[in-house]
Each structure stands twice: as C-alpha cells, then as structure tokens.
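# An overview of the molecular structure
The chain contents come next:
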Amino acid sequence: MAAGSPPPPPPPHFVLVPLVAQGHIIPLVDLARLLAARGARATVVTTPLNVDRLRGVAEQAARAGLPLEFVGLPFPPAGSGLPQDCQNADMVADNSQFLPFFFALRELAGPFDAYVRSLAPRPSCIISDWCSPWTAGVASSLGIPRLFFHGPSCFFALCEIMAVDHGLLELIAAAGDDERHLVPGMPVPVTVTKATPPGLFCYPGTELLRREAMEAMRTADGAVLNTFSDLEAQFLEGYEAALGKPVWALGPLSLCNRDEDSTTSRGKTAVDGKQAIMAWLDEQAPGSVVYVSFGSVARKLPKQLFEIGHGLEDSGRSFLWVVKEREAAAPEVREWLDALEARTAGRGLVVRGWAPQLAVLSHRAVGGFVTHCGWNSVLESIAHGVPVVTWPHFSDQFLNERLVVDVLGVGVPVGVASPVMIFDDESAPVARGDIARAMSALMGGGAEADERRKAKEYGEKARRAMEEGGSSYETLTRLIQSFTRSED
Ligand code: UDP
C-alpha cells in the first residue's frame, strides 16, 4: 500500500438467521460459506443443537482460515411446553407440537437482540429467513439493513405475493375444497386450491405467523433467493417489480459444495454408511437408479411406507430409497424393509436415516429422483441434470411441482391429488400404481428423453451461473460490494 493511501475497507459482516429446519438451514449455511469464501465475514445464528450438528462445517472453515462462525441462542424457551431437545423442526414429535414450536421461535427475538447489541462494530447486514420475522424489530431498532431469504422457488414467491396483494388467500380459505382459482398477475397461468395454497403459512392457526412474515417482508431492504436467472428470469423480474426492492438470485447455492463438503454442510454430522451407498451405486449401470427421498421433515405411517415400497418394487427399476430413522424405528417396518431389499436383491437399497444427497445426485448411476418437491431437493436435482418424479406433500411444494412439470418440463407427476400432511397423516393417500407408472414414464424410452434433455441443459446453465462471470456469481459480488463500508 502506498504511504498515505487509505486502508482498504473492512470486510462486511453478514449475520444469517435461518429458520431452524434442515431445508432452511442448508441453503443459508451454503450462502454463509460462499460469503466467507468470497471475502466477507459470516455468522450463522441458530440453536445449540444445530451449532453442534454444524461443527464439521465450522472446523472445515477454521482449517481453511475462513471467517465463518456459528452462534447458538437458548431454545426452546422455558414455558413453551416443548422438550429441551426440540431445537429443530426435525425434532418435532408430532402435529400437536408443530404450532407451539413455531410460536416459541418468536421468543428468540430477545436473545437475538442481546447478541447483536454485543457485536462491535455492528453487522453490516442481517439476512434472515422469511419464516423468522422476529429479526425485523432487532434490525430496525439498531439501524442494520436486513434482507429476507425466501427459500422456495421464485415462481412460488411470486405466486405468494400476487395472492396476498389480490386477497386470494382469504378467497381460497372461504372456498370449497375443489374450487380452483387462477393466481392473478402471473406470467403463466397457475391455478391453486385450498389444499394447494400459494402461501407457506396457510394452515389453521398460522394466520398471525403469516401476517408477521408478510410485514417483515415489506419492511426488508431486499430479498435473497436460491435460484438463478436462466431458470426463472421471468419470475425474478416479476418478483422484483411486485416487491419494489432488489432481489438477489444467488443459486443454486448447493453447487458451492465439493464432494468432501457435501455431508458436513447438510447439517447432520454423520451420514451413516456413505461408503456403502456409494459402493452400491458404483455397481449400477449409468443413469439406471431412481433416488427416492422426501426431504428432512415429512414423515409417513407404516402403511404409507409399505405402499411406496410396493410401488418401487412393481416399477422394476433400480432404486435407492431414504426412509427416516423415526419412520423405520418400528420392528414391523424394519422387517418389512429388510424383506423388500431381499426381494429386490441387487436393484434396491434402503437407506435408514440420512443420505448424502448431493453425492448421490452427482453419481453417474442416478437417472431420476422421486421427490416431495422441497425446493432444495428440486434445485439440487436440476443442478446435477437429474429429472424428477414429483410428489408434493405440503406448503410450497405444490407450486414447485407446477414449475418443474409445466414450466421447466423436467418432471413427471405422480399425480396424487390430495396432500400428505407433515407428520404421520392418516388420510394421506398413497398409490403404488401411481408411483410405478410415473417412474416408468421418467425412466423408460420415448417421451422421457425430453425431461432428461432439459434437466441436463439446466444443469449446465446452473453450473455456469455459479462460475466466475456467471449470473449468480456476479450477483453475489455486487451484494458483498454493496455492504462494504468505505471508512468514514
Ligand atoms: N437431505 C439430505 N439427506 C437426506 C434428506 C435430505 O442431504 O437424507 C437434504 C437435501 O439435500 C436438501 C434438504 O435436506 O438440501 C431438504 O430440503 P428440501 O427443501 O428438499 O425439503 P424439506 O426438508 O425442507 O422438506
């Protein structure tokens, strides 16, 4: 530095606050790692359980000398009625704990305020999940800019803001079950129903949460989305116009992971049997295996698992199916799954617990993904050029399916008409025939070629978006620059 020239500005400090659910933590942790790798400082604020689960990421960052840290705020609060280990949505025991869990999260505002006040200098920017609106008051009282992170597709985000602005949510709530409504203001026709609403908080009892989230969205300084312009240009344009604020499209964030990161950054420290899974995939023919997984939260009853298992067996295809630990806990389920593996010897593998999803999707043997359409799963699949069978279960997943099937043309729907609720829902319809039929449509010859070709094209575009000179890479550069303070 020449004598007398001013020192370079300090790197901006981003404080990231994900909703404490795996599907929300994963992309924000990826973003934090990207920010730290690109010269900013990043702190992820979550609960102690998640800090523990993310220890591998913290250690990796420390080894690489990256300014990335994790802070755990005390949770759940006393008097919430939640057990002490209920510090992440995947620890919620059943549907009755779901609302108490969400309402207890609002109590994090106090500890978060104290934490941010303890920082000197104050952070340059808070990036908080759309579902964590309790950060808004802290940011505004301290004069800290705040962006909200909207985890689903931009297609969903635009449907949602249009639905809210045009009073569609109220209309749907009062409508009959089968009434279909067109979402106004969308660049493509989209219809929704009571069971497939264009809003994240559309379950009874969540009205206050939705109002708070919308308010926090309106008062934020902009939005961060996990998507890329070659995938959703028309919706990004519409969303920015509707929001009247900058929208930063920074994805697919998962592409910041190299193979060795892909287990640690998923937020569960150990992936049991990763080696065995990869060895099994190594033995399969290229593009022959269907990966089957329904994200981190949704849980199924034994009879639903049996139906899915029959569908996989009847399809005649090779499959790698992830069944959650809790789902596979009952002895009759364990035995049934063992018998299924024996009947489909060589072509069927059941993972009990948590799979290394990125490593699986990037394996050459994987040719399709039966997904519940959580946006991370969909985008990870697209980023690896893998077409999908869509079976949405709840929340934004129905509209993510519309995007994938009708707009992008990279998916074949299972076509199950009504939703599976989040946890162990008795009424959830499952149909082995539908699963087998959709798998055959995706993996068989003929029309499937189109979905596969398009998925590969988007996969290429996704990689380019994240490389230097690509749209998401350059948008992140601008984001960091815009929060870099020149020394006053
Ligand atoms: N995931 C994983 N292993 C699993 C199940 C899920 O790594 O066995 C990851 C997956 O890669 C994705 C996230 O968990 O990043 C799930 O997020 P998504 O939005 O798809 O669904 P949600 O869990 O929010 O319903």
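The preceding data block contains the structure.
All of the points below concern the structure found in this document. Here the structure is a predicted model, which means the values were calculated and not measured.

Procedures and definitions
Residues numbered from 1 in each chain as written. Predicted model: local features only at pLDDT ≥ 70, side-chain atom pairs only at ≥ 80, totals over all residues. Heavy atoms only, no water. Axes fitted to C-alpha atoms, helices over the stretch in contact; angles between N-to-C directions. Helix = DSSP H or I, 4+ residues; strand = E, 2+ residues; numbered from the N terminus. Left-handed = near helix turned anticlockwise from the far one by under 90°. Contact = heavy atoms within 4.5 Å. Pairing = 2+ DSSP bridges. Parallel < 35°, antiparallel > 145°, perpendicular 65-115°, else oblique. Nonpolar A, V, L, I, M, F, W, Y, C, P; charged D, E, K, R; others polar.

Quick look at the packing of helix α5 (residues 109-117) against helix α6 (residues 135-142) now. Put simply, α5 and α6 touch, their axes get as near as 9 Å, and they point 30° apart. You can see that α5 and α6 cross each other, and the crossing is right-handed. When α5 is examined against α6, the residues A109, F112, D113, V116 and R117 are found in contact with a partner set consisting of T135, V138, S141 and L142.

In this section: the sheet that holds strand β1 (residues 13-17). Read across the open sheet, the 7 strands follow the order β3-β2-β1-β4-β5-β8-β9; overall the sheet is parallel. The sheet is open, and its two edges are formed by β3 (68-72) and β9 (247-249), each paired on a single side. Neighbouring strand axes in the sheet, compared pairwise and without regard to direction, differ in orientation by 25° on average. Here β1 pairs with strand β2 (residues 41-46) via 4 bridges, running parallel. In the sheet register, V15 faces β2, and the bridge partner there is T43.

Once that is clear, we can look at the packing of helix α12 (residues 302-315) against helix α17 (residues 432-443). For the pair α12 and α17, the least separation of the axes is 7 Å and the interaxial angle reads 40°. It follows from the interaxial angle that α12 and α17 lie oblique. The chirality of how α12 crosses α17 is right-handed. Counting all contacts with α12, which are made through E307, I308, H310, G311, L312, D314 and S315, the residues of α17 involved are R432, I435, A436, M439 and S440. Its residues assigned to classes, the contact of α12 with α17 shows 5 nonpolar, 4 polar and 3 charged.

Spatial strand order, β12-β11-β10-β13-β14-β15: 6 strands in an open sheet with parallel pairing. Each of the sheet's edge strands pairs with one partner strand only, and the pair in question is β12 (348-352) and β15 (411-413). With direction set aside, neighbouring strand axes in the sheet form an average angle of 20°. Across 5 bridges, strand β11 (residues 318-323) lies against β12 in parallel orientation. Directly across from W321, in β12, lies its bridge partner V350. With respect to the sheet, α12 is in contact with β10 (289-293) and β11, its orientation differing from that of β11 by roughly 165°.

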